[in-house]
Each structure stands twice: as C-alpha cells, then as structure tokens.
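# Coordinates in review
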Protein chains: 2
Amino acid sequence: MCESNAYLKDGENEVMVMESVDSIEPCENGLKLMDIFGKQIFIQARIKDMTLLNHRIILEEICTR
Amino acid sequence: MCESNAYLKDGENEVMVMESVDSIEPCENGLKLMDIFGKQIFIQARIKDMTLLNHRIILEEICTR
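Read on for an overview of the structure. (Residues numbered from 1 in each chain as written. Chains lettered and ligands numbered in written order. Predicted model: local features only at pLDDT ≥ 70, side-chain atom pairs only at ≥ 80, totals over all residues. Heavy atoms only, no water.)

### Quick look at the relation of the copies chain A and chain B
With an RMSD of 0.0 Å, the operation that places chain A on chain B is a rotation of 180° combined with a shift of 0.0 Å along the axis. Considering both components of the superposition, the chain copies are consistent with a two-fold axis. When C-alpha positions in chain A are compared against the rotation axis, the closest is assigned to cysteine 2 of chain A, at 2.5 Å. (Least-squares fit on C-alpha atoms with pLDDT ≥ 70 in both.)

This is the structure in structure tokens:
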C-alpha cells in the first residue's frame, strides 16, 4: 500500500500524528489529513518535507501569535 | 512503487509536471520536486491536495504580483 505516516517535528524529535495517511489537503491555518480508513484530523501545521518512497511526511507546527 | 504524479491545475485542466515524484520540499515561493531518478525541478506552486492511494498530487500556481 502506498500510504505514508505523518510526523510532527518537535525540536529534534518527530512525533507520529497519523498512520496510513491517504490524503492531505491544506486549508486555512493548517492541514486536513485523512487516513485510509476515512478518519480525518486537522492539524495546525504545514508540510516541511515528504518522501513518498520512505512513506514519511514531516510536518511542522505553524506558530500563531 | 509508491511514487505519485504531480499535476498543475490550470483552470479546469490538470497538466502533468512530473511523473514518479518521490519527494516534495516546500521552499520560498514554491516547491522543489524530485523524482525517483533524482531529477529535480522547482515550481512556483503550492500543494492543493494529494491522495497517495491514487498517486496524485495536485498543485496550484502561486500568483505573484
């Protein structure tokens, strides 16, 4: 299967926020992620980088002041 | 293989800009795409949406004025 896992970068660490991500849709102030089971989450983050062959999507939080 | 094709949305049409995309890295004013062969392109666009199971990454141009 070709889904990826999404990780949120937190300093040096990467915290997995969603497994088996199918779709990503940027929206106001963040991203809507949906996994292969149809579960959706919203996360206040942007895509930092992604490598599909490694099944990794790295996100970073958006700072709102 | 788990790479996707990247399409640039142009009105109603979608024009393929890169096949077999492995990695995407947002950078200033656009995106750096790299395919599985290591070829890189820069495109003045943002991610509109993507569905990995369908191997589709839809981009939209960034208007700079």
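### With respect to the packing of aromatic side chains
With the rule as written, the count across this model stands at 0 aromatic pairs over all chains. Stacked on the ring of tyrosine 7 of chain B, the Lys or Arg arginine 56 of chain B has its end atom at 5.0 Å from the ring centre. (Phe/Tyr/Trp six-rings, centres within 6.5 Å; stacked < 30°, edge-to-face > 60°. Lys NZ or Arg CZ within 6 Å of the ring centre and 35° of its normal.)

### A short note on the nonpolar core
Leu59 of chain A together with Leu59 of chain B are the most contacted members of the largest nonpolar core, which totals 28 residues. Those residues in contact with leucine 59 of chain A that sit more than four places away from it in its chain are Ala6, Tyr7, Leu8, Lys9, Val17, Leu31, Leu33, Ile43, Ala45, Arg46, Ile47 and Lys48 of chain A. (Core = buried A, V, L, I, M, F, W, Y, C linked by side-chain atoms within 4.5 Å. Buried < 20%, exposed > 50% of the residue type's maximum accessible area, 1.4 Å probe, protein only. Contact = heavy atoms within 4.5 Å.)

### Topic: unusual backbone geometry
A positive phi angle is found at asparagine 29 of chain B, which is not glycine, with a value near 70°. Locating asparagine 29 of chain B in the fold gives a position in the loop between β2 (13-27) and β3 (30-35). (Helix = DSSP H or I, 4+ residues; strand = E, 2+ residues; numbered from the N terminus.)

### Section: the pattern of salt bridges
Residue and element names in this part refer to chain A. Applying the stated criterion across every chain, the model contains 7 salt bridges over all chains. The salt bridge partner of glutamate 14 is arginine 56, with a shortest N-O separation of 2.7 Å. In this pair, glutamate 14 is assigned in strand β2 (residues 13-27) and arginine 56 in strand β6 (residues 56-61), connecting sequence segments 42 residues apart. The class of arginine 56 is partly exposed, set by a relative accessible area of 27%. The network of salt bridges with common partners includes Lys9, Glu14 and Arg56. (Salt bridge = Lys/Arg side-chain N within 4 Å of Asp/Glu carboxyl O.)

### Here's the deal with the side chain of aspartate 35 of chain B
Residues and elements named next belong to chain B. Structurally, aspartate 35 can be placed in strand β3. Buried and unpaired, aspartate 35 has no salt bridge, with lysine 39 as the nearest side chain of opposite charge at 4.9 Å. Among the polar contacts made by the side chain of aspartate 35, one reaches the main-chain amide nitrogen of phenylalanine 37 at a distance of 2.9 Å. The contact partners of aspartate 35, leaving out residues within four places of it in the chain, are Met18, Glu19, Ser20, Val21 and Asp22. (Lys, Arg positive; Asp, Glu negative; His and termini not counted. Polar contact = N/O pair within 3.5 Å; in protein donor to acceptor, adjacent residues only side chain to side chain.)

### Description of the interface of chain A and chain B
Put simply, an interface is often sized by how much accessible area is lost when its parts join up. With 20 residues of chain A at the contact, the number on the chain B side is 20 residues. Carbon and sulfur atoms make up 71% of the area that chain A and chain B hide from each other, which totals about 1,600 Å². Counting the contacts that link chain A with chain B gives 0 salt bridges. Linking chain A with chain B are 6 residue pairs in polar contact (both at pLDDT 80 or more). Elements with a contribution of two residues or more to the side of chain A that touches chain B: β2 and β5 (45-51) of chain A. Counted by class, the side of chain A that touches chain B contains 11 nonpolar, 4 polar and 5 charged residues. The sheet contact formed by β5 of chain A and β2 of chain B spans 2 bridges and is antiparallel. In the strand pairing of β2 of chain B, methionine 50 of chain A is matched with isoleucine 24 of chain B. (Buried area = accessible area lost by both parts, 1.4 Å probe. Nonpolar A, V, L, I, M, F, W, Y, C, P; charged D, E, K, R; others polar. Pairing = 2+ DSSP bridges.)

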